[in-house]
Amino acid sequence: MNFPILPTGRTAWLAALAAPIALIIAATAPDAWLIVPAAAVALLVLVLLDGLLAGKLVDSRIIHPADSEVGEPLKLGCLAEFAGRSSRAQPDVALSVDTRLQPDGRIEMPLGQSADSDSWYGEAKPVPIRRGTAPITQMWLRWAGPLGLGARQISQELDQEIRIWPDLSPVRSPELQNYLRDAQFGLIARRIRGEGTQFEALSEYEAGMDRRRIDWKASARHTKLYARENESERNNQIIFAFDCGQAMCEPVDGLPRIDRAVTAALTASYVALKGGDRVSLFGFAQRPEVMTPFVGDTRAFYQLQSAAAGLDYHAEEPNFTLALASLTAKLQRRSLIILFTDFTDPTGAEMMIESVGRLVEKHLVLFVTIEDQELSDLADTQPNTLDDLAVAVTADTLAKQRAVVLQRLRQMGVDIIEAPWDQIGYRLIDSYLNIKRSGAIG
């Protein structure tokens, strides 16, 4: 394999520094002008010799995981082996990657030599910013000779890719696992027991119990007070509906809102599956895109994860009327619909309110939106100029419009969760458990 020899940056600097000297020689000693081309030829020879001493590439490999999660750093490495190399200078690698891995589509890394071999290894840790398949299409590898004047370089086409999945770190977190372990041993079950709608057992009435739970007929037969113990219903239908439109593609703390919503939804869906309920995912923009079958077992959780990974990003306004009407038509029984969305345009918000109003007639709706901290900060900033004042007034107006929309939804009977993105997941779990305990779904 032939590798072209190229001048390095050091060579360019030498040539630039030599240019004024050549001009001085030409001006002061015209008879010595042969020194200039001779020096240029000498430099060119040094570049060629240095490039030959750089050695040959024996093998190179790009090492990466097949799968990663959005927002989580991944290890992307390059391993290269050389023969006949006398230089200790670090080779450099540049990769052309999908913008899901790096916004500018380029990753660079220097290689360091292994202590016990002639192989060189370098590593970068990009953080994926969007879900989907991220191809790695091309690699440039460059290594210099001992003088640093000449270097060899290859350009190689690659056909590699990394699948980027939703972030499941909250599902694997020790806090959630301990939470579910408590549920498995009955701590949560005892908390829910007695407040649901499904009859479980009778127990002797004790001081402090709710008197509305007293079963008067059973108490009359046994001449003692007995209370009914109910258990929250299982096998409820839970639908996580995602607005994949323009507002949800806006970033919050480095990741699109839709990805923050997907992480929260998958965390809550895992808890719901553990609680015996059935879960489905629904995604829409201008039209419905994803509607999974209901899943009722944690062993099929990967189906929800795969469907969530397929939710696309759309730079367009969502069609709530079409999407929510389509969702209603597919549901045969009362369900809990958890809607993740955001809004900025009053006209679009009005259409959303009308569509949610029709949904509330048959189903229980939980409306989830990520708190717009940037809008609050702009509204609260002390203005120092007229431009600052205009921005603050606009932000305050938008914040008030947002509050009006949320209040109208509450008046329609919609439960609202509005919180920072890192609190959405556990707030959602608490709301789900409260709704389940109250028996409001069935």
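This is a predicted model, so every value here is computed, not measured.

## Comments concerning the overall build of the protein chain
Helix and strand counts for the protein chain come out as 13 helices and 20 strands. Put simply, the protein chain has 442 residues, and 44% of those count as buried. Excluding contacts between residues fewer than 6 apart, the proportion of contacts in the protein chain whose partners are at least 24 apart in sequence is 74%.

## Here's the deal with the packing of aromatic side chains
In total, this model carries seven aromatic pairs according to the counting rule given. Ring centres of Phe242 and Phe340 lie 5.2 Å apart, and the angle between their planes is 10 degrees; on these two criteria the pair is classed as stacked. Of this pair, Phe242 sits in strand β13 (residues 237-243) while Phe340 is found in strand β18 (residues 336-340), placing the two residues 98 residues apart along the sequence. With a relative accessible area of 2%, Phe340 lands in the buried category. Judged by centre distance (5.3 Å) and plane angle (80 degrees), the ring pair of Tyr270 and Phe301 falls under edge-to-face. Pair noted here: Tyr270 is in helix α7 (residues 257-274) and Phe301 is in helix α8 (residues 301-309), with a separation of 31 residues, a long-range link. According to the relative accessible area criterion, Tyr270 is buried, its value standing at 15%. Taken together, Phe240, Phe242 and Phe340 form an aromatic cluster joined through their ring pairs.

## Brief notes about the side chain of Ser173
Looking at the element boundaries, Ser173 is found in the loop between α3 (169-172) and α4 (174-184). Classification of Ser173 by relative accessible area gives buried; the value is 11%. In terms of polar contacts, Ser173 uses its side chain to reach the backbone carbonyl oxygen of Pro170, at 2.7 Å.

## Re empty space enclosed by the protein
Scanning the model with the defined rule gives one cavity of 30 Å³ or more in all. The volume enclosed by the largest cavity comes to roughly 30 Å³. Contributing to the lining of the largest cavity are Met248, Ala261, Phe340, Thr341, Val368, Thr369, Ile370 and Ile424. Broken down by class, the residue content of the lining of the largest cavity amounts to six nonpolar, two polar and no charged.

## Remarks on the packing of helix α9 (residues 320-330) against helix α10 (residues 346-360)
It is at 9 Å that the axes of α9 and α10 come closest, and there the two elements cross at 10 degrees. For the element pair α9 / α10, the angle class is roughly parallel. Of the residues in α10, those touching α9 at Phe320, Thr321, Leu324 and Thr328 are Met351, Met352, Ser355, Val356, Arg358 and Leu359. Here the contact of α9 with α10 is composed, by residue class, of six nonpolar, three polar and one charged.

## Re the confidence of the model for the protein chain
The pLDDT averaged across the protein chain works out to 83; a share of 84% of its residues lies at or above 70. Note on residues 184-197: pLDDT under 50 across the span, and 31 contacts to partners over four residues away in sequence or across chains.

## Looking at α7
For α7, built from 18 residues, the straight-helix expectation of 26 Å at 1.5 Å per residue is met to within 8% by its first-to-last C-alpha distance of 26 Å. Counting buried positions over the 18 residues of α7 gives 17, a clear majority of the element. Gly276 lies just past α7 and shows a positive phi near 90 degrees.

## Here's the deal with the nonpolar core
Judged by nonpolar contacts, the single largest core of 49 residues is most densely connected at Phe240, Phe242, Leu336, Ile338, Phe340 and Leu428. The greatest single-element share of this core, amounting to 11 residues, is contributed by α7. Dropping the residues within four chain positions of it, Phe242 is found in contact with Ile258, Ala261, Val262, Ala265, Leu281, Phe282, Gly283, Phe284, Leu311 and Phe340. Core analysis: the next-biggest nonpolar cluster, separate from the first, contains 28 residues, Ala54, Val93, Ile162 and Ile164 among them.

## Some points on the sheet that holds strand β7 (residues 112-113)
Across a sheet, strands are paired by hydrogen bonds formed along the backbone, either parallel or antiparallel in direction. Taking strand neighbours across the sheet as the criterion, the four strands line up as β2-β4-β8-β7 in an open arrangement whose pairing is antiparallel. The sheet is open, and its two edges are formed by β2 (56-63) and β7, each paired on a single side. With six bridges joining them, strand β4 (residues 76-83) and strand β8 (residues 119-124) adopt antiparallel strand pairing. For Leu76, the partnering residue across the bridge sits in β8 and is Ala124.

## Quick look at the packing of α7 against α8
Where α7 meets α8, the closest approach of the two axes is 11 Å, and the angle between their N-to-C directions is 165 degrees. For the element pair α7 / α8, the angle class is roughly antiparallel. Seen from above, α7 lies across α8 with right-handed handedness. Listed contacts from α8 to Val262, Leu266, Ser269, Tyr270 and Leu273 of α7 are Phe301, Leu304, Gln305 and Ala308.

## Some thoughts on helix α13 (residues 421-438)
An ideal rise of 1.5 Å per residue puts 26 Å on 18 residues; α13 measures up with 26 Å between its terminal C-alpha atoms. Along α13, the positions that sit buried rather than exposed are Ile424, Gly425, Leu428, Ile429, Ser431, Tyr432, Leu433, Ile435, Lys436 and Arg437. At the exit of α13 stands Gly439, carrying a positive phi of roughly 70 degrees.

## Quick look at the side chain of His314
Here His314 lies in the loop between α8 and α9. Those residues in contact with His314, other than ones at most four positions away along the chain, are Cys244, Gly245, Gln246, Cys249, Ala285 and Glu289.

## Side note on the sheet that holds β13
The strand order across the open sheet formed by six strands is β17-β16-β13-β18-β19-β20, and the pairing between neighbours is mixed. What marks the edges here is a single partner per strand, and that holds for β17 (288-291) and β20 (415-419). Going across the sheet, the axis of each strand differs from the next one's by a mean of 20 degrees, ignoring polarity. As defined by bridge partners, strand β19 (residues 364-370) adjoins β20 across five bridges and the pair is classed as parallel. Bridge assignment links Phe367 to a residue of β20, and that residue is Ile416. Its contacts with the sheet put α7 on β13, β16 (278-284), β18 and β19, and the angle it makes with β13 is roughly 175 degrees. Helix-sheet contacts for α10 involve β18 and β19, and the interaxial angle to β19 is about 145 degrees.

How each quantity is defined
- Residues numbered from 1 in each chain as written.
- Predicted model: local features only at pLDDT ≥ 70, side-chain atom pairs only at ≥ 80, totals over all residues.
- Heavy atoms only, no water.
- Helix = DSSP H or I, 4+ residues; strand = E, 2+ residues; numbered from the N terminus.
- Buried < 20%, exposed > 50% of the residue type's maximum accessible area, 1.4 Å probe, protein only.
- Contact = heavy atoms within 4.5 Å.
- Phe/Tyr/Trp six-rings, centres within 6.5 Å; stacked < 30°, edge-to-face > 60°.
- Polar contact = N/O pair within 3.5 Å; in protein donor to acceptor, adjacent residues only side chain to side chain.
- 1 Å grid on protein atoms, 1.4 Å probe; cavity = no way out; pocket = protein on both sides within 12 Å on 5 of 7 lines; lining within 4 Å.
- Points joined across faces, edges and corners; volume = space filled by probe spheres on them.
- Nonpolar A, V, L, I, M, F, W, Y, C, P; charged D, E, K, R; others polar.
- Axes fitted to C-alpha atoms, helices over the stretch in contact; angles between N-to-C directions.
- Parallel < 35°, antiparallel > 145°, perpendicular 65-115°, else oblique.
- pLDDT = per-residue confidence, 0-100.
- Expected span 1.5 Å × (residues − 1).
- Core = buried A, V, L, I, M, F, W, Y, C linked by side-chain atoms within 4.5 Å.
- Pairing = 2+ DSSP bridges.
- Left-handed = near helix turned anticlockwise from the far one by under 90°.

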